[in-house]
Structure formats: C-alpha cells, structure tokens
Amino acid sequence: PSVYKDGRGENQNLRIGYKRINLLRTKKGAMRSGYVHPLTQCVYIVQGNVEVWVARKDGSTEKKTYGSKAYIEVPAYTPHVFNFFEDTIHVDWWSWE
C-alpha cells in the first residue's frame, strides 16, 4: 500500500498483482482526474457530493452530480474530471475484464 497526500486530500493505493484499488479523501473545491484510462473506471461514493464531467464525442461536456452511495462508471478512453462540491470519500478501481 502507498499513500499520497497533496492540497486536494489523500489517496491510499492498494495493489494486488496488476489490480489496483484506491481510497480517496478529497477536499471541497478540489478537482481530480482530467485524463483517460485504457479500462473502464468504476467509482463508489462513500460519502460526499461530486460532479463528474465527461467529454462527449461531439465535443460537448456532460455533467452529472452524484452523492453518497452512488456508483459511477466512466468508459475506457473517455476524458473526465471530478469536481468535488464537499469533502468526499470515494473508492475507485478499473474493470479488469
């Protein structure tokens, strides 16, 4: 396991073989991500409130808000950003199939 801390909060990484699971604590007003993954990103919001921005193929941006106990999937190779409206705890991992 490893822990990374910065002005946005904390990211605890657990790696088992080639699989990785992250537990993140993110501060209100912070943003995370802004890149693409080769696998579907799976996210579970434990506590808090986040707006997810996803780039569409037509160049527009889809924005959806999620709260506690929400499950989110960001498709592979999809640009996305997480915008945190309050202090939030979430878990993320990638589909390995």
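The rules behind each value
- Residues numbered from 1 in each chain as written.
- Predicted model: local features only at pLDDT ≥ 70, side-chain atom pairs only at ≥ 80, totals over all residues.
- Heavy atoms only, no water.
- Helix = DSSP H or I, 4+ residues; strand = E, 2+ residues; numbered from the N terminus.
- Rg over C-alpha atoms; globule rule 2.2 N^0.38 Å.
- Buried < 20%, exposed > 50% of the residue type's maximum accessible area, 1.4 Å probe, protein only.
- Contact = heavy atoms within 4.5 Å.
- Areas by Shrake-Rupley, 256 points an atom, 1.4 Å probe, with all protein chains shown as cover.
- Lys, Arg positive; Asp, Glu negative; His and termini not counted.
- Charge placed at Lys NZ, Arg CZ, Asp CG, Glu CD.
- Pairing = 2+ DSSP bridges.
- Axes fitted to C-alpha atoms, helices over the stretch in contact; angles between N-to-C directions.
- Phe/Tyr/Trp six-rings, centres within 6.5 Å; stacked < 30°, edge-to-face > 60°.
- Core = buried A, V, L, I, M, F, W, Y, C linked by side-chain atoms within 4.5 Å.

Asker: Kindly report on the overall build of the protein chain, identifying the contributing residues and their values.
Answerer: Counting its regular elements, the protein chain contains zero helices and 10 strands. Mapped in sequence order, the helices and strands of the protein chain form the string β-β-β-β-β-β-β-β-β-β. Relative to the 2.2 N^0.38 estimate, which gives 13 Å for 97 residues, the radius of gyration of the protein chain is 13 Å and therefore close to what a compact globule would have. Seen through its C-alpha atoms, the protein chain measures out along the principal axes to roughly 40 × 30 × 25 Å. Counting only residues that meet the buried cut, the protein chain has 34% of its 97 residues in that class. Contacts in the protein chain between residues at least 24 apart in sequence constitute 65% of all its contacts with a sequence separation of at least 6. Taken as a whole, the protein chain presents about 6,100 Å² of accessible surface, with 54% of it coming from carbon and sulfur. Here the protein chain contributes 14 positive and 10 negative side-chain charges, whose respective centroids are spaced 3 Å apart.

Asker: Got a sec to walk through the sheet that holds strand β3 (residues 19–26)? Specific residues and values, please.
Answerer: Here we have six strands laid out as an open sheet, ordered β1-β2-β3-β10-β5-β8, and antiparallel in their pairing. Either end of the sheet is taken by a strand with one partner, and the two such strands are β1 (2–6) and β8 (71–74). Averaged over neighbouring strand pairs, the angle between their axes works out to 20° when direction is ignored. Here β3 pairs with strand β10 (residues 88–94) via six bridges, running antiparallel. Paired with R25 across the bridge in β10 is I89.

Asker: Go over the sheet that holds strand β9 (residues 80–84) with me, naming the residues and quoting the values.
Answerer: Ordered by their spatial adjacency, four strands build an open sheet running β4-β9-β6-β7, and the pairing between neighbours is antiparallel. Each edge of the sheet is formed by a strand with only one pairing partner; in this case those strands are β4 (31–35) and β7 (61–67). On average, each strand axis in the sheet is tilted by 15° relative to the strand beside it, whichever way the strands run. As paired strands, β4 and β9 are joined by four bridges and run antiparallel to one another. If you follow R32 over to β9, its bridge partner there is F82.

Asker: Describe the packing of aromatic side chains, with residues and values.
Answerer: Aromatic ring pairs are described here by two measures, namely the spacing of the ring centres and the angle between the planes. Applying the stated criterion across every chain, the model contains two aromatic pairs. With a centroid separation of 6.2 Å and an interplanar angle of 35°, the aromatic rings of Y71 and W93 are classed as tilted. One end of the pair, Y71, is in strand β8; the other, W93, is in strand β10, and 22 residues separate them in sequence. By relative accessible area, Y71 is classed as partly exposed at 41%.

Asker: Explain the nonpolar core to me, using residue names and the numbers behind them.
Answerer: The biggest cluster of nonpolar side chains holds 11 residues, and these are V43, I45, V50, V52, V54, Y66, A70, I72, V74, F82 and F84. Taken together, the elements giving at least two residues each to this core come down to β5 (41–47), β6 (49–55), β8 and β9. Counting residues per element, this core draws most heavily on β6, which supplies three residues.

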